[in-house]
Every structure is written in C-alpha cells, then in structure tokens.
Amino acid sequence: MCIADKLYESVAARGPICVGLDTDISYVPQWLAAQYQTPGEAVFAFNRQIIDATADVAGCFKVQIAYYESLGLDGLRAYKDTLAYLRERELVAIADVKRGDIAKTAEMYAKAHFTGDFEADFVTLSPYMGLDSVTPYLPYVEQSGKGLFILVRTSNPGREDFQYLQSEGEPLYDIVGKKVQELGKPYIGTYGYSPVGAVIGGTSSLEAETIRAALDSTFFLIPGYGAQGGKAEDIARYLCRGNGGVVNSSRGVLLAYKKDGDERQFAEASRKEVLRAREEIASACSVYGK
Ligand SMILES: O=c1ccn([C@@H]2O[C@H](COP(=O)(O)O)[C@@H](O)[C@H]2O)c(=O)[nH]1
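As the structure is a computational prediction, the values presented were derived from the model and not from experiment.

S.K.: For this particular structure, what's the right way to read the UniProt feature "active site" (unreviewed entry) in the protein chain?
M.R.: When the UniProt feature table is mapped onto this chain numbering, "active site" (unreviewed entry) sits at K98. Within the element layout of this structure, K98 appears in strand β3 (residues 93-99). K98 sits in the partly exposed class, given 17 other C-beta atoms within 10 Å. Setting aside chain neighbours within four positions, we find K98 in contact with T124, L125, S126 and L151.

S.K.: Looking at this model, I keep getting lost on the nonpolar core. Mind explaining?
M.R.: Grouped together as the largest cluster of nonpolar side chains are 85 residues, with contacts concentrated most on C18, F61, A93, I94, A95 and I150. Top contributing element to this core by residue count: helix α3 (residues 39-54), with seven residues. In this structure, A95 is in contact with V63, I65, H113, F118, A120, F122 and V123, ignoring residues within four places of it in sequence.

S.K.: Can you walk me through the sheet that holds strand β5 (residues 147-153) in this structure?
M.R.: What holds strands together in a sheet is hydrogen bonding between their backbones, with the strands either parallel or antiparallel. Around the barrel, which closes on itself, the eight strands sit in the order β1-β2-β3-β4-β5-β8-β9-β10 with parallel pairing between neighbours. Ignoring which end each strand starts from, the neighbouring axes of this sheet average 30° apart. Alignment of strand β8 (residues 194-200) against strand β9 (residues 218-222), held across three bridges, turns out to be parallel. Across the sheet, A198 pairs through a bridge with F220, a residue of β9.

S.K.: Would you mind going over the site of the ligand with me for this structure?
M.R.: In the vicinity of the ligand lie 19 residues, with Q64, T154, P223, S250 and R251 positioned nearest. Of all the elements in the fold, those that place two or more residues in the shell around the ligand are β10 (245-249) and α12 (251-254). For the shell around the ligand, the residue count by class is three nonpolar, 13 polar and three charged.

Calculation rules
- Residues numbered from 1 in each chain as written.
- Predicted model: local features only at pLDDT ≥ 70, side-chain atom pairs only at ≥ 80, totals over all residues.
- UniProt positions renumbered as here; feature names shortened; annotations may be inferred.
- Helix = DSSP H or I, 4+ residues; strand = E, 2+ residues; numbered from the N terminus.
- Buried ≥ 20, exposed ≤ 12 C-beta atoms within 10 Å, placed from the backbone.
- Contact = placed C-beta atoms within 7 Å.
- Core = buried A, V, L, I, M, F, W, Y, C linked by C-beta atoms within 7 Å.
- Pairing = 2+ DSSP bridges.
- Axes fitted to C-alpha atoms, helices over the stretch in contact; angles between N-to-C directions.
- Near = placed C-beta within 6 Å.
- Nonpolar A, V, L, I, M, F, W, Y, C, P; charged D, E, K, R; others polar.

Written out as structure tokens, the structure reads:
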C-alpha cells in the first residue's frame, strides 16, 4: 500500500493529530529518568509511554532528530529505538530531519533515513538547494513505498525573509508548492493524495484557501499548532473537510502533564491533550474547513 494511503486511513480512523516526539531530556519526569542509566534510555522510556497512550487517537508520529542528536550516540540510540517501536506497532513515522544537499550526499541521506537503523516512513526535506537535492529520494518513493514532506511555507516568523519573496508575481513558496505537487503526480494513491507532501505552517491562514486549492493532491504536514500560536480555525482552512493533512503538536502534547501538575500521569495527560486538540480541530473544520 502507498504510504499516502496508509497515512490517509490512519487519519480517517484516528484523527489528524501528529504527535511530535521532540523529547528534551528535561521533559522526562525525574521519577522516570531515575530508573534509567542514561538520558537516552530515559527519553525512549518516556516516548514509549507517550506512544502507547496516544496510538489509537493520533494519525501519526513525528520524531524530531535534533533532540536526539543533542544527546550524542546515546540520543541516537533513543531515536533508533523510537522509530523501531513505531514500526513494530505499525504506526506512521515521520523523521523530521529537514535534509537538503547536493545529489550525491542526498543519496546517502535517503539511504540513511529510509533503510537500516533510522528507517522511517516519511522524511522532511528542505528544497531550497534545488530539485536535484530532492530527486535522489524519489526511488524510495517509487520502489519502497516511502514518503516525503517538503518545506513549502514554514511556521516560523522568519518565513517571510525568503519564502515570501516575489518572483514573476508570485511568492517563492507558491512556486515551490507547485513543484512539490508536480513531483508527486506520478504517485497519487487511492484517496487522491501523493506521498510527496508539503510542510505548510499553521501559524497563518492568510493564504490558506489559495494554497489548499492549488495543491489539491498534496498532503500537508502542518506544524505550529499550540505552542507556536497556531489556532484551530487557521489550521482547519488547510484541512479541507478534515482531510488532506496532519497537524503536529510536540510541546503541547509532551508537556501537557505540567498543566495538571501530576508527573506520574504524564502519558494520560498527553492522551487527553491529543483528544482535546482533535476535538477543537474537528469543530473548527465543521465551521471553517471547506
Ligand atoms: O515550519 C516548520 C517546520 C517544522 N517544524 C517542526 O515542528 C515541530 C513543532 O514543535 P511544537 O513544540 O509543536 O512547536 C518541531 O519539531 C519543529 O522543528 C516547525 O515547527 N515549523
């Protein structure tokens, strides 16, 4: 099955929340960390409990490699173990690695993140070095059923520095978005979406209708909800009747237990936050999602 179809079906069954496993060691409650020898082991134990508590209510999981790299080899083992656990549970895993390099190096990145220790279902890519930095991943889309989420218009304030620059009357992100959609056309799955997806930040909805309409066969990974200020009504405009995208929440889910103040129930608090976010987005979709 095409990975876009698997993701679509997962979202249809469990909702559009993508649980972001951006696990800083400081997020792991002390009582849990104390049971493990290394920070990486504690991070993996925390992730496993979050995954178990949210697997039936989250559309997918995104593992942000920076948090694991920051712990050195011990962290990379936690990264590998987290991806392996998601695979064992047959959950959709997005490796947020934001790679972008010359073609020969890209071939190695593709091999590194689509096979072996760090194998994931999707990787995130930065396309701003050009199409030759993206095409080396396509054989894995075609032959191994893997997927991509390519940065088109990001969630951070600095997106306006380059992505909004006008070229022949359109912003650069528009041009990139159209290229992403074109790259994905040969691989469109049963539900009308291709495994070549786009990252569209959810912190602004100004151009949402135009972006959604132009990229109609492109699945969106939408970060920025919650901790970065993205609101459900903004997000809903990209989802299109609740479909066509996943909404990432990392700190909002991982740190939900801080609101209740009960560290022992951290995984349960994450589940409640996913359910709350899912509900909030579903009701915004019924009002704003066309
Ligand atoms: O435009 C982008 C692209 C990627 N991200 C990533 O998403 C999460 C957001 O984390 P929160 O804690 O929910 O804010 C993080 O991994 C970013 O690297 C993004 O925020 N914006």
